[in-house]
Amino acid sequence: MEIYVLVKQVPDPEAIVKVKSDSELEIENKYFTSFFDEIAIEAGLKLKEKTGGKVTVLTVDNRRVDALRRGISMGADDAVQIADPALEGADQFALARTLSAYLKDKPFDLILTGRQAMDDDAGIVGPAVAECLGIPHIHSIIGLEVDDQKKEAKVLREVENGKESLTCPLPALFTCQKGLNAPRIPLVMNVMKAMKAQIKKLDLASLGLGPSDVSPYIKIEKYVPPPKRPPVKMIKEDFPENVKTLVKLLREEAKVI
Amino acid sequence: MPNEIWVLAEHREGKVKKIAFELLSAGIEFSKKTGQEVAALLLGSGLEEAAKSLTLFADKIYVMDAPSFTPYTSDAYLASIASLIKEHQPSILLGGATSTGKDLFPRLAMHLQTGYAPDCTGLTMGEDGKLIARRPLFGGKVFAEMAFSEARPRMATVRNNAFLVNESPGKSAKIVPVSSQIDPSLLKKKVTGFEKAAGAKLDITEADIVVAAGRGIKAPENFKIIEDLADALNASVGTTRATVDEGWRDLKDQIGKSGKNISAKLYMAFGISGAIHHILGIGTCKTVVAVDTDPNALIFNYADYGIAGDLFQIVPALTEELKKVFSTE
Ligand SMILES: Cc1cc2nc3c(=O)[nH]c(=O)nc-3n(C[C@H](O)[C@H](O)[C@@H](O)COP(=O)(O)OP(=O)(O)OC[C@H]3O[C@@H](n4cnc5c(N)ncnc54)[C@H](O)[C@@H]3O)c2cc1C
Ligand SMILES: Cc1cc2nc3c(=O)[nH]c(=O)nc-3n(C[C@H](O)[C@H](O)[C@H](O)COP(=O)(O)OP(=O)(O)OC[C@H]3O[C@@H](n4cnc5c(N)ncnc54)[C@H](O)[C@@H]3O)c2cc1C
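This is a predicted model, so every value here is computed, not measured. (Residues numbered from 1 in each chain as written. Chains lettered and ligands numbered in written order. Predicted model: local features only at pLDDT ≥ 70, side-chain atom pairs only at ≥ 80, totals over all residues. Heavy atoms only, no water.)

A.B. asks: Would you mind going over the environment of Phe270(B) with me for this structure?
C.D. replies: All names here are of chain B. You can see Phe 270 is positioned in strand β16 (residues 266–270). Assessed through its relative accessible area of 0%, Phe 270 is described here as buried. Once the C-alpha coordinates of Phe 270 and Ala 97 are considered, the two residues, 173 residues apart in sequence, prove to be 27 Å apart. Among residues more than four places away in sequence, those in contact with Phe 270 are Ala 212, Ala 213, Gly 214, Ile 226, Leu 229, Val 291, Leu 311, Val 315 and Leu 318. (Helix = DSSP H or I, 4+ residues; strand = E, 2+ residues; numbered from the N terminus. Buried < 20%, exposed > 50% of the residue type's maximum accessible area, 1.4 Å probe, protein only. Contact = heavy atoms within 4.5 Å.)

A.B. asks: Looking at this structure, I do not really get the site of ligand 1. What am I missing?
C.D. replies: All names here are of chain A. Around ligand 1, the surrounding shell holds 28 residues, and the nearest of these are Leu 6, Lys 8, Asp 37, Gln 92 and Gly 123. One of the backbone nitrogen or oxygen atoms of Leu 6 is found 2.6 Å away from an oxygen atom of ligand 1. Measuring from an oxygen atom of ligand 1, one finds a backbone N or O atom of Asp 120 at 3.3 Å. Here ligand 1 has 930 Å² of accessible area as a free molecule, and 85% of this is covered by the chains. Where the shell around ligand 1 is concerned, the elements lending two or more residues are β6 (54–60), α3 (92–103), β8 (110–114) and β14 (218–224). Its residues assigned to classes, the shell around ligand 1 shows 12 nonpolar, 7 polar and 9 charged. (Near = heavy atom within 4 Å. Polar contact = N/O pair within 3.5 Å; in protein donor to acceptor, adjacent residues only side chain to side chain. Areas by Shrake-Rupley, 256 points an atom, 1.4 Å probe, with all protein chains shown as cover. Nonpolar A, V, L, I, M, F, W, Y, C, P; charged D, E, K, R; others polar.)

A.B. asks: Explain the site of ligand 2 to me, please; I cannot follow it from the model alone.
C.D. replies: Residue and element names in this part refer to chain B. With respect to spatial proximity, 26 residues lie near ligand 2, and among them Arg 215, Thr 240, Gln 254, Ser 273 and Asp 292 are the closest. Contacts to ligand 2 include Arg 215, whose backbone N or O atom sits 2.7 Å from an oxygen atom. One nitrogen or oxygen atom from the side chain of Ser 273 is found 2.6 Å from an oxygen atom belonging to ligand 2. Across the complex, the protein chains shield 79% of the 1,000 Å² of accessible surface that ligand 2 would expose by itself. Here the residues of the shell around ligand 2 sort into 6 nonpolar, 13 polar and 7 charged.

A.B. asks: How should I be thinking about the confidence of the model for chain B in this particular structure?
C.D. replies: Low pLDDT means the predicted coordinates in that region are not meant to be read closely. Put simply, chain B has an average pLDDT of 95, and 99% of its residues get 70 or more. Predicted as a complex, the structure gets a pTM of 0.92 and an ipTM equal to 0.95. (pLDDT = per-residue confidence, 0-100.)

A.B. asks: Explain helix α8 (residues 311–327) of chain B here, please?
C.D. replies: Between its terminal C-alpha atoms α8(B) stretches 24 Å, which fits the 24 Å expected from 17 residues at 1.5 Å a residue. By the burial criterion, the buried members of α8(B) are Leu311(B), Ile314(B), Val315(B), Leu318(B), Thr319(B), Glu321(B), Leu322(B) and Val325(B). Residues of α8(B) that are buried sit in contact with α6 (241–253) of chain A together with α5 (223–233), β16, β17 (287–292) and β18 (305–308) of chain B. A distance of 2.9 Å separates the backbone nitrogen of Phe312(B) from a side-chain oxygen at the start of α8(B), and that oxygen is part of Asp310(B). (Expected span 1.5 Å × (residues − 1).)

A.B. asks: I keep staring at the nonpolar core and nothing clicks. Help me out?
C.D. replies: Where a protein is soluble and globular, its nonpolar side chains tend to be buried together. Membership of the largest hydrophobic core comes to 103 residues, with the highest contact counts inside it found for Leu103(A), Ile81(B) and Leu123(B). Of the residues forming this core, the biggest block, 8 residues, is contributed by helix α1 (residues 18–34) of chain B. With residues near it in sequence (within four places) discarded, Ile81(B) still touches Leu8(B), Leu41(B), Leu43(B), Met64(B), Leu104(B) and Leu108(B). Judged by nonpolar contacts, the second largest core, of 40 residues, contains Ala40(A), Ile72(A), Ala153(A) and Leu170(A). (Core = buried A, V, L, I, M, F, W, Y, C linked by side-chain atoms within 4.5 Å.)

A.B. asks: Please explain the domain arrangement of chain B as it appears in this structure.
C.D. replies: Often the size quoted for an interface is simply the accessible area lost on bringing the parts together. Residue and element names in this part refer to chain B. Under the domain assignment used here, chain B contains domain 1 (5–186) and domain 2 (209–327). Computed from C-alpha atoms alone, the centre-to-centre distance between domain 1 and domain 2 is 32 Å. If you look at the interface, domain 1 gives 9 residues, while domain 2 gives 8 residues. Across the domain 1/domain 2 interface, buried area totals approximately 690 Å², and carbon plus sulfur atoms make up 52% of it. When the buried surface of domain 1 facing domain 2 is broken down by residue, Gly 139, Arg 159 and Asn 161 rank first, second and third, together holding 57% of it. Counting across the domain 1 and domain 2 interface gives 0 salt bridges. (Domains from an automatic or database assignment. Buried area = accessible area lost by both parts, 1.4 Å probe. Salt bridge = Lys/Arg side-chain N within 4 Å of Asp/Glu carboxyl O.)

A.B. asks: Would you mind going over the side chain of Lys141(B) with me for this structure?
C.D. replies: Mapped onto the elements of the fold, Lys141(B) is located in the loop between β9 (131–137) and β10 (142–148). Despite being buried, Lys141(B) has no salt bridge partner; Asp12(A) is the closest side chain of opposite charge, sitting 6.6 Å away. Non-local contacts of Lys141(B), meaning those with residues more than four positions away in its chain, are made with Asp12(A), Pro13(A), Glu14(A), Ala15(A), Val17(A), Pro226(A), Ile276(B) and Leu280(B). (Lys, Arg positive; Asp, Glu negative; His and termini not counted.)

A.B. asks: Just checking my understanding: could you explain helix α1 (residues 35–51) of chain A for this structure?
C.D. replies: Side chains three or four residues apart in an α-helix point the same way, a direct result of the helix having 3.6 residues per turn. Residue and element names in this part refer to chain A. Along its 17 residues, α1 runs 25 Å from first to last C-alpha, staying within 8% of the 24 Å computed at 1.5 Å per residue. In terms of residue burial, α1 counts as a mostly covered element, since 13 of its 17 residues are buried. A positive backbone phi angle near 80° is found at Gly 52, which sits one or two residues after α1.

A.B. asks: Explanation requested: the interface of chain B and chain A in the structure shown.
C.D. replies: Taken together, the 96 residues of chain B in the interface contact 80 residues of chain A. Between chain B and chain A lies a buried interface of about 7,500 Å² when both sides are counted; carbon and sulfur atoms form 58% of it. For the interface between chain B and chain A, the tally reads 6 salt bridges. Ionic pairing is found between Arg107(B) and Glu131(A), a salt bridge with its closest N-O pair at 2.7 Å. Grouping the amino acids of the side of chain B that touches chain A by side-chain chemistry returns 45 nonpolar, 22 polar and 29 charged.

A.B. asks: In this structure, what is going on with the sheet that holds β17(B)? I would like to understand it.
C.D. replies: Picture the strands of a sheet paired through backbone hydrogen bonds; they go either parallel or antiparallel. With respect to topology, 6 strands assemble into an open sheet ordered β15(A)-β18(B)-β17(B)-β16(B)-β14(B)-β15(B), the strand pairing being parallel. The open sheet terminates on both sides in strands that have one partner only, identified here as β15 (233–234) of chain A together with β15 (236–239) of chain B. Where β15(A) lies against β18(B), 2 bridges are found, and the strand directions are parallel. In the strand pairing of β18(B), Lys233(A) is matched with Tyr305(B). Seen against the sheet, α5(B) touches β14 (209–213), β15 and β16 of chain B and runs at an angle of roughly 170° to β14(B). Against the sheet, α8(B) touches β16, β17 and β18 of chain B, its axis set at about 145° to β16(B). (Pairing = 2+ DSSP bridges. Axes fitted to C-alpha atoms, helices over the stretch in contact; angles between N-to-C directions.)

Shown next, in the form of structure tokens:
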């Protein structure tokens with residue numbers, strides 16, 4: 001099977017992120033490979049181990065290739081970076097067009113992405129790539145089995161009131177959710193090797209795209225800090241008065257019950 | 001007549017989800033500024049009851065009745081909604097940030113080559129008809145106000161409780177049946193089974209009240225006291241990654257960065273330390289209550305009301321107190 005995994009290096013959930021100005025954020029320099037993307041890599045590797053084939057990790061990023069190196073250290077065969085100054089300010093739809101311009105003439109059976117990248121949390125890129133390529137997609141999968149002969153996947157997806165099983169012909173794109181697997185921790189030796197691995201680098205022109213192909217549909221007008229919660233009210237009375245007070249506050253002050 | 005504001009009205013077992021009423025209520029507010037009509041979009045089969053429940057909330061209800069809409073797949077929905085959009089050219093299309101919304105909207109937006117703001121916590125309409133979508137980034141550490149390009153419709157999915165349901169919406173909808181011939185070759189995915197989650201509770205992303213316990217609960221069987229409290233409040237039960245990793249609770253109930261974002265009116269955390277990964281999932285809850293034996297637990301920095309105390313003492317007493325208070329109403 002030919003498997004492509006779309007990956008992204010994002011600020012760690014513990015990184016401090018603050019609004020610097022209307023148009024700029026201050027992001028602490030603490031990055032990791034987006035949690036759900038590692039799950040996608042792991043899913044690709046598991047399938048490869050079963051059916052043979054190849055896993056390629058792919059990122060659009062002008063600065064960071066660490067997610068690709070993470071993929072290689074986990075066992076991916078190939079890594080591709082797409083970078084171009086015209087991509088500064090690109091939205092998720094522009095990214096999807098860029099990624100699919102690369103993928104469209106590749107012999108893929110399966111494309112895997114994260115449920116959402118852990119920065120903008122948009123969950124757009126996966127389904128949008130599938131639309132550009134004209135292949136089916138399923139969002140937020142927690143189970144995956146592939147019948148390579150029949151070119152068909154059996155997928156489990158989480159919905160609000162339970163779990164849904166689906167079948168889907170390949171090629172297809174799935175976005176991966178926690179629960180699908182536990183990503184392997186790469187061996188130190190493989191991490192070292194990955195540091196030196198060759199990474200193919202492509203620009204927009206080599207994909208036949210121009211700057212107008214990556215113009216955004218949505219734009220950030222303004223960053224704003226989160227609404228501030230008033231300081232906590234600690235209820236200091238002894239038990240059981242504290243419980244009575246809590247109920248009273250919830251009913252009369254917060255008015256939520 | 002300027003183009004309409006549309007809301008995809010999701011329903012389950014014949015009942016329209018609350019988020020649809022919230023979004024239609026928002027649409028009604030917007031229409032007061034813009035003079036647009038508000039329309040609900042209903043896809044499924046046997047939709048009479050669902051349509052009836054929406055009558056006061058829209059000027060029109062587009063009803064697409066076909067067996068291939070149940071259960072949902074993007075294959076059937078996308079083709080049908082896209083062609084209806086091409087015909088009527090609505091100005092706005094809203095949906096819930098649900099498993100359906102998150103599966104369908106990004107793909108539909110790409111298909112229509114139009115802008116889509118996902119998982120919003122607010123939408124505002126300017127006097128000039130400009131729509132601004134507010135959404136959390138980095139799990140809610142910052143928010144972005146998003147604007148749309150010229151393309152229409154402007155699309156957004158919205159979390160629960162971003163808007164109040166209008167008590168007197170005052171509309172009287174006209175039902176517009178839409179014939180939906182779906183090319184069977186487009187139906188690639190097949191839903192082969194459904195395993196209903198145990199218990200009758202709403203998903204934590206849909207519930208107005210969520211009560212949760214973390215590792216402080218000490219053993220899986222102790223969740224009984226949390227379940228009892230949830231029953232008294234008609235709430236759903238959430239948890240932290242710590243208990244999910246222990247195998248005590250199901251992943252579907254995990255709140256936080258690698259679990260779910262909840263947007264409840266009331267969130268109560270018992271024996272949860274308040275790691276940032278967890279906190280990122282509760283940023284848009286209205287009122288937060290925390291109970292932890294450790295008075296310095298981080299969770300108190302994010303709570304509105306706190307008690308430094310033992311959950312095993314407080315939870316059962318709280319359940320009793322609530323039952324008492326509710327029974328005298
Ligand atoms: C108007 C606008 C302007 C922006 N300007 C900039 C900018 O100037 N510089 C900048 O760095 N960011 C910019 N961004 C952010 C950037 O577009 C997003 O962070 C983008 O990388 C997608 O992240 P997401 O969280 O929204 O993706 P999601 O749609 O949530 O991602 C889902 C999945 O798609 C895949 N994926 C996502 N992004 C990539 C990628 N880049 N490469 C490969 N696979 C991927 C991953 O598998 C991921 O799990 C901008 C965003 C917007 C909306
Ligand atoms: C990449 C990544 C993603 C993550 N994603 C998530 C996520 O989505 N959601 C999530 O929750 N976590 C997530 N985590 C884990 C997170 O960092 C914390 O480890 C976790 O939230 C801790 O869970 P807890 O509060 O239940 O346990 P603990 O931190 O162990 O806290 C238990 C608390 O219970 C209190 N306690 C003990 N006994 C009692 C008693 N009798 N009465 C009252 N209080 C008592 C203690 O004082 C303590 O504060 C993630 C971690 C990583 C690295």
